[in-house]
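What follows is each chain in one-letter form.
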Amino acid sequence: MNYEKYEDRVRVQKRSDEQRVNQHSPYCDLIYYPSSIHPELSLAMRILKPRKPSPICVTTHGWHMSIPAFTYMDTPHQEGDYLIIEVDMRGRAFSDGEPDCNGWELLDVIDAVHYVRKHYADCIINPEVTYFEGGSGGGGNAYAIIGKFPDFFSAATAMCGITDYGMWYEQDEIGEFRDELDVWIGFPPQTNVEAYQSRSGLALLGNVLTPLFIAHGESDIRVPVQHAHLYMQRVMDLGQQERVSYLELEGVGTREHWGNATEEQMRQMRELSEQNRRKYNVPIEIPATGVFTVAGYLITKEFSVILNSLDKVAQVIYDLQKNEFKVTGEQIEGYTIVRHNRTS
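Residues numbered from 1 in each chain as written. Predicted model: local features only at pLDDT ≥ 70, side-chain atom pairs only at ≥ 80, totals over all residues. Heavy atoms only, no water.

Visitor: Any chance you could break down the nonpolar core for me, citing the residues and the numbers?
Guide: Buried together is how nonpolar side chains tend to be arranged in soluble globular proteins. In terms of nonpolar packing, the biggest core is built from 47 residues, with Met 45, Ile 85, Ile 145, Phe 149, Leu 212 and Tyr 231 touching the most fellow members. Among the elements that take part in this core, helix α1 (residues 105–119) stands out by supplying eight residues, more than any other. Judged by nonpolar contacts, the second largest core, of 14 residues, contains Leu 209, Ile 286, Leu 298 and Val 305. (Core = buried A, V, L, I, M, F, W, Y, C linked by side-chain atoms within 4.5 Å. Buried < 20%, exposed > 50% of the residue type's maximum accessible area, 1.4 Å probe, protein only. Helix = DSSP H or I, 4+ residues; strand = E, 2+ residues; numbered from the N terminus.)

Visitor: Break down the environment of Ile 124 for me, with residues and values.
Guide: Looking at the secondary structure, you find Ile 124 in the loop between α1 and β5 (130–135). Accessibility expressed as a relative area gives 9% for Ile 124, which makes it buried. Ignoring any residue separated from it by four or fewer positions in sequence, one finds Ile 124 in contact with Pro 53, Ser 54, Ile 56, Leu 83, Val 116 and Arg 117. (Contact = heavy atoms within 4.5 Å.)

Visitor: Summarise the packing of α1 against helix α2 (residues 137–148); cite the residues concerned and give the values.
Guide: In the contact formed by α1 and α2, the axes pass within 10 Å of each other and the chain directions differ by 75 degrees. Relative to α2, α1 is oriented roughly perpendicular. When α1 is examined against α2, the residues Glu 105, Leu 106, Val 109 and Ile 110 are found in contact with a partner set consisting of Asn 141, Ala 144, Ile 145 and Lys 148. Counted by class, the contact of α1 with α2 contains five nonpolar, one polar and two charged residues. (Axes fitted to C-alpha atoms, helices over the stretch in contact; angles between N-to-C directions. Parallel < 35°, antiparallel > 145°, perpendicular 65-115°, else oblique. Nonpolar A, V, L, I, M, F, W, Y, C, P; charged D, E, K, R; others polar.)

Visitor: Describe the pattern of salt bridges, with residues and values.
Guide: Going through the model one piece at a time under the given rule, you end up with 17 salt bridges. Salt-bridge contacts for Arg 222 lead to Glu 176; the nearest nitrogen and oxygen are separated by 2.7 Å. Remark: Glu 176 occurs in the loop between α3 (165–171) and α4 (178–184) and Arg 222 occurs in the loop between β7 (212–217) and α6 (226–238); sequence separation between them is 46 residues. A single salt-bridge network, built from bridges that share partners, covers Arg 51, Asp 81, Glu 133, Glu 274, Arg 277 and Arg 278. (Salt bridge = Lys/Arg side-chain N within 4 Å of Asp/Glu carboxyl O.)

Visitor: Hey, could you go over the layout of surface pockets for me, with residue numbers and the actual values?
Guide: The computed volume of the largest pocket comes to approximately 630 Å³. Along the wall of the largest pocket there are 21 residues; nearest its centre are His 114, Ile 299, Thr 300, Lys 301 and His 340. Per element, the largest residue contribution to the lining of the largest pocket is five residues, and it comes from α1. Of the residues that constitute the lining of the largest pocket, the class distribution is nine nonpolar, six polar and six charged. (1 Å grid on protein atoms, 1.4 Å probe; cavity = no way out; pocket = protein on both sides within 12 Å on 5 of 7 lines; lining within 4 Å. Points joined across faces, edges and corners; volume = space filled by probe spheres on them.)

Structural measurements only, silent on function.
In structure tokens:
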């Protein structure tokens, strides 16, 4: 993958409504699609088509960034073994709405995949096998999306990602992220700790069924390696070592995530990420009974639990055969449970 997209260097200018039209070429399209939760919004993605039918790999950009602009391509992209979906997060250059830091913007990613499965079927080898990869802000998305959608992705990669947004807020000495967090979540973590937990992959690790590869630079300044260390300690505590693998890049990281990285270190990271995808190429299924954390919402192929607030965290105890669901949590204002028809 092209890791430059996660370095937070390029801030694409906001597109006006008259510029928002679908654009097509043999191997790259820019497509607008609706939000399933907010149908009035028009969201955007760039689709890089493979040379032959391939698995789907979806990605999101860095914290301040947007997807690249449409480029006419008459040859396949370098990673030609995947149909790549580059999702423009809500409120960025190409998409309507307002960013909400791992709130409904993660459902936008799922909506993009559903659109591609329907409209690009000829490019896909198995629509039920979908991968996720993200770095920096997209790495934070990776940690959270596999917890909020535990049976959607067959494998995932999180690079230099945020695992605890409350900790990241306090680590931001120059305020380059705090100003967005105050707006995108709505308040600082001291005011509402639970709202920051509901966005953080660290709080959702108990949900994770997706095999996850993590890479982080030892000396990263903008997203300190402590985020990966806390996550991996929780992995050990929960006995998830077989599902989560970690590469720490020695001496890597300045104000750029890959600062000081050697070609060999970047090659190793690429190869381990690819190995994780190739090793896990079947759909995920949730257990027939179990317990999940609900961080604002939880959506599986079998059922969904939607809390009345994205800022709340709850637990759901479920039994699919008995069709029983029990939601518990402090100060839960209400919730909706939907059982899905897998044949529809």
